[in-house]
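# Examination of the molecular architecture
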Amino acid sequence: MADTPLPLPRVAIVTGAAQGIGEAIALRLAEDGLDVTIVDLPQKREQLETVAKTIRAKGRRSVALYGDVSLEDVVVEMIETTVKELGGLDVMVANAGICHFVPVIDTTVEQWESTIAVNARSVLLAIKYAARQMIAQGRGGRIIAASSVAGKQGHPGVGAYCASKFAVRGLVHTAAIELRAHNITVNGYCPGLIATPLVKLEQDEQNGGHGTTVRMVRCIDAKVHVHLIANW
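Thresholds, definitions, all that
- Residues numbered from 1 in each chain as written.
- Predicted model: local features only at pLDDT ≥ 70, side-chain atom pairs only at ≥ 80, totals over all residues.
- Heavy atoms only, no water.
- Axes fitted to C-alpha atoms, helices over the stretch in contact; angles between N-to-C directions.
- Helix = DSSP H or I, 4+ residues; strand = E, 2+ residues; numbered from the N terminus.
- Parallel < 35°, antiparallel > 145°, perpendicular 65-115°, else oblique.
- Left-handed = near helix turned anticlockwise from the far one by under 90°.
- Contact = heavy atoms within 4.5 Å.
- Salt bridge = Lys/Arg side-chain N within 4 Å of Asp/Glu carboxyl O.
- Buried < 20%, exposed > 50% of the residue type's maximum accessible area, 1.4 Å probe, protein only.
- Pairing = 2+ DSSP bridges.
- Right-handed = clockwise from strand over helix to strand, strands pointing away.

Let us now look at the packing of helix 1 (residues 20-31) against helix 2 (residues 45-57). As a packed pair, helix 1 and helix 2 sit with axes 9 Å apart at the nearest point and diverge in direction by 20°. In terms of axis orientation, helix 1 runs roughly parallel to helix 2. Handedness of the crossing formed by helix 1 with helix 2: right-handed. From helix 1, E23, A26, L27 and A30 reach across to helix 2, where they touch V51, T54 and I55.

Here it is in C-alpha cells:
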C-alpha cells in the first residue's frame, strides 16, 4: 500500500506586519501552524525582522519582504516570492493602512490619494493576485482585509480614512460573491480604537496617555489639526 503523502503546510501573507494588529495576526497564524510571509515598508526592516525571528522560534517558516503594497509590481512580487519560498498561498491578510488625522475642509489631495492608495488600492491588489494564485492551486483559500469601525460610520477628523475603509467593505462584499465558486472566502474585520502605533500622537502625554488624543478628536466637532502617517 502506497504511503499517504503528507499534507502541505498552509501558507499565509500578512501586510503591515511590522507592528500593531498586523504583527499580532502574523504571530497568531504561526501559532496556528501556518508559515507566514510578512510585509512592510523598508523603514520598518528592524521591526519586521524581529517578527520573523519570533515566527521562526515558534517552529514555522517566515519570509520578510519590504515594499509599498499599494504598488502593483510589489504585490505581484510578494505573491511570487511567497509561492517560490514557501510553496503556495492559502491565507491572504491585507492589513496595511495609514491615517491622516485632519478635518475634511483641510484635507489635501495628496493626503486623500495616499490614504486611498494604501488603505483601499492595496486591498484590491492583494485580493486580485492572491485570488489568482489560489484559483490556480485549486484548493481554495481565505482572504481577509482590514476595514474599521470607521468603515461603518463616519468620524470627525478622519474623512479620507473613513472613505477608504467604507471602500474596503464594498470590495470585500463583492469579491466574496465572485470568488465563492472557487472555495475562496473573502472577509473583512472592523476593529475599533486599538492602542497601536497608528493612534499614538505627540499630544497623548498631556491628554492622558496612548490613544487619548484620537478619542478626543472623535468625540468633538474638531478643528484640531493633528497629522499622522504611520502603519496600522
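That was the structure; now back to the text.
A separate point is the pattern of salt bridges. Side-chain pairs of opposite charge can arise whenever the charged atoms involved come near each other. Using the criterion set out here, one finds six salt bridges in the structure. The partner of R60 in a salt bridge is D35, with the nearest N and O atoms 3.1 Å apart. Placement of the pair is R60 in the loop between helix 2 and strand 3 (62-66) and D35 in strand 2 (residues 35-40), with a sequence separation of 25 residues. Among the residues examined, R60 registers a relative accessible area of 23% and is labelled partly exposed. A salt bridge links D90 to R139; the nearest nitrogen and oxygen atoms lie 2.8 Å apart. Note that D90 is positioned in the loop between helix 3 (72-86) and strand 4 (91-94) and R139 in the loop between helix 4 (109-137) and strand 5 (141-146), a separation of 49 residues in sequence. A relative accessible area of 36% places R139 in the partly exposed class. A single salt-bridge network, built from bridges that share partners, covers D35, R60 and R61.

This next bit is on unusual backbone geometry. Unusually for a residue other than glycine, N183 sits at a positive phi of about 60°. Taking the relative accessible area as the measure of exposure, N183 reaches 47% and is therefore partly exposed.

Across the five residues that make up strand 1 (residues 11-15), a large majority, five, are buried. Sheet topology note: the strand 1/strand 2 ladder contains five bridges and is parallel. Counterpart to V14 in the pairing with strand 2 is I38. Chirality of the crossover, the property in question, places the unit of strand 1, helix 1 and strand 2 among those that are right-handed.

With that settled, consider the sheet that holds strand 4. The six strands are arranged 3-2-1-4-5-6 in an open sheet whose pairing can be described as parallel. Every other strand in the sheet has two partners, leaving strand 3 and strand 6 (184-189) as the edge strands with one partner each. Across the sheet, the mean angle separating the axes of adjacent strands is 15° when strand polarity is ignored. On top of the sheet, helix 1 reaches strand 1, strand 2, strand 4 and strand 6; it is set at about 170° to strand 1, its chief contact. Each of strand 5 and strand 6 is contacted by helix 5 (residues 159-179), which is oriented at about 165° to strand 6, the strand it contacts most.

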